[in-house]
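A structural walkthrough
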Amino acid sequence: MALGRKTFRLKLPSRTLALGKHTLVMGVLNVTPDSFSDGGKFLQPESAIEHALAMEHAGADLLDIGGESTRPGATETSASEELDRILPALEALRERLKIPISVDTRRASVAELAIRAGVELVNDVSGLKSDPRIAEVAARHRVPLILMHMRGEPRTMQAGGFARDVMKDVMQGLRRSVAVARKAGVAKSQIILDPGIGFGKSFAQNYELLRKLPRLAKLGYPLLVGTSRKGFLGATLARDGKPAPPEERIWGTAATVAASILNGAHIVRVHDVTEMVQVARVADCLLDPN
């Protein structure tokens, strides 16, 4: 178990976030028809806005909006379709939401227009492999950049070909992503790393990554971890040979959120904000009882 977390200061256009004093909870807003957990539920702007405001009210510190599903087996969405999904919600939330918004995208063109619409962080699940120009967009607008490790592509990433040494694979991949970002002008203080739980890893490797998060922290960047409702939890919680459905993975998610925090995560990305805010608050007390 990590004995504590290094603290960081993250500069957003509207404010500065302190990372490490307490865990930040990032609420997930999927405006997609096919996301693994809640696909189609928030595709319409009205339902997306209502859900975003509800997550803020429940205690979310950040909101992560995405218009392309990157679940295992997902096919690619066009940039125009991605923008058609996220921009109406962003424009409506710009004046109503008080917490910062992140955009979950693999495209520089989408990141650019999302920032113009009020987004303050960019979350690239491909770690700049899909479109390295995202780093240039983040640098130009001086917004933080979340770099996630993904082995392979969403369509095929869970079909096999997993790394023999998952920690080595993740560390090397993230170092490459950081190098691309830094070369494009992104400040070191504006980079967050995500090990990419469930993205091209076996179920056992996901648990290994959670156990070994302190090793990833030694790279010297804040850590974001997203385990919420993912497939490895469904497999662990299976009954009669059938994986537990996403809505029955909340308690399993809670266990992994607590583990992530105790092992050094600064931000946890979750669907169930009300419950995970409580988990984060209690886990933070274990790190620092004061």
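These notes cover the structure that comes with them.

About the thresholds
- Residues numbered from 1 in each chain as written.
- Predicted model: local features only at pLDDT ≥ 70, side-chain atom pairs only at ≥ 80, totals over all residues.
- Heavy atoms only, no water.
- Helix = DSSP H or I, 4+ residues; strand = E, 2+ residues; numbered from the N terminus.
- Buried < 20%, exposed > 50% of the residue type's maximum accessible area, 1.4 Å probe, protein only.
- Polar contact = N/O pair within 3.5 Å; in protein donor to acceptor, adjacent residues only side chain to side chain.
- Contact = heavy atoms within 4.5 Å.
- Pairing = 2+ DSSP bridges.
- Axes fitted to C-alpha atoms, helices over the stretch in contact; angles between N-to-C directions.
- Parallel < 35°, antiparallel > 145°, perpendicular 65-115°, else oblique.
- Left-handed = near helix turned anticlockwise from the far one by under 90°.
- Nonpolar A, V, L, I, M, F, W, Y, C, P; charged D, E, K, R; others polar.
- Salt bridge = Lys/Arg side-chain N within 4 Å of Asp/Glu carboxyl O.

If you trace the backbone, Glu120 turns up in the loop between α3 (108-116) and β6 (121-124). Taking relative accessible area as the criterion, Glu120 reaches 9% and is therefore assigned buried. Within polar-contact distance, the side chain of Glu120 engages the side chain of Ser14 at 2.8 Å. In contact with Glu120, other than residues within four places in its own chain, are Leu12, Pro13, Ser14, Arg15, Pro100, Ile101, Val143 and Pro144.

Taken together, the eight strands give an open sheet; going across it, the order is β8-β7-β6-β5-β4-β3-β10-β9, and neighbouring strands pair in parallel fashion. With one partner strand each, in any of the chains shown, β8 (191-194) and β9 (224-225) form the two edges of the open sheet. Here strand β3 (residues 24-30) pairs with strand β10 (residues 267-270) via four bridges, running parallel. In the strand pairing of β10, Gly27 is matched with Val270.

Take the packing of helix α9 (residues 250-262) against helix α10 (residues 273-287) next. Where α9 meets α10, the axes come as close as 9 Å, and the angle between the chain directions of the two elements is 30°. Overall, the two elements α9 and α10 adopt an arrangement that is roughly parallel. Remark: the crossing between α9 and α10 carries right-handed chirality. From α9, Ile250, Thr253, Ala254, Val257, Ala258, Ile261 and Leu262 reach across to α10, where they touch Glu275, Met276, Val279, Ala280, Ala283, Asp284, Leu286 and Leu287. Among the residues forming the contact of α9 with α10, the class breakdown is 12 nonpolar, one polar and two charged.

It is at 9 Å that the axes of helix α1 (residues 45-58) and helix α2 (residues 79-93) come closest, and there the two elements cross at 50°. Relative to α2, α1 is oriented oblique. Crossing geometry of α1 relative to α2 is assigned as right-handed. Across the interface between the two elements, Pro45, Ala48, Ile49, Ala52 and Leu53 of α1 pack against Pro88, Ala89, Ala92 and Leu93 of α2. Here the contact of α1 with α2 is built from residues that sort into nine nonpolar, no polar and no charged.

Once that is clear, we can look at the pattern of salt bridges. Counted under the stated rule, the structure contains 14 salt bridges. Across the pair Arg106 and Glu68 runs a salt bridge, and its minimum N-O distance is 3.0 Å. Taken together, the residues Arg106 in the loop between β5 (101-104) and α3 and Glu68 in the loop between β4 (62-66) and α2 connect sequence positions 38 residues apart. For the pair Arg106 and Glu68, one class covers both residues: buried. A salt bridge links Asp104 to Arg269; its shortest N-O distance comes to 3.3 Å. Note that Asp104 is positioned in strand β5 and Arg269 in strand β10, a separation of 165 residues in sequence. This pair shows no difference in class: Asp104 is buried, exactly as Arg269 is.

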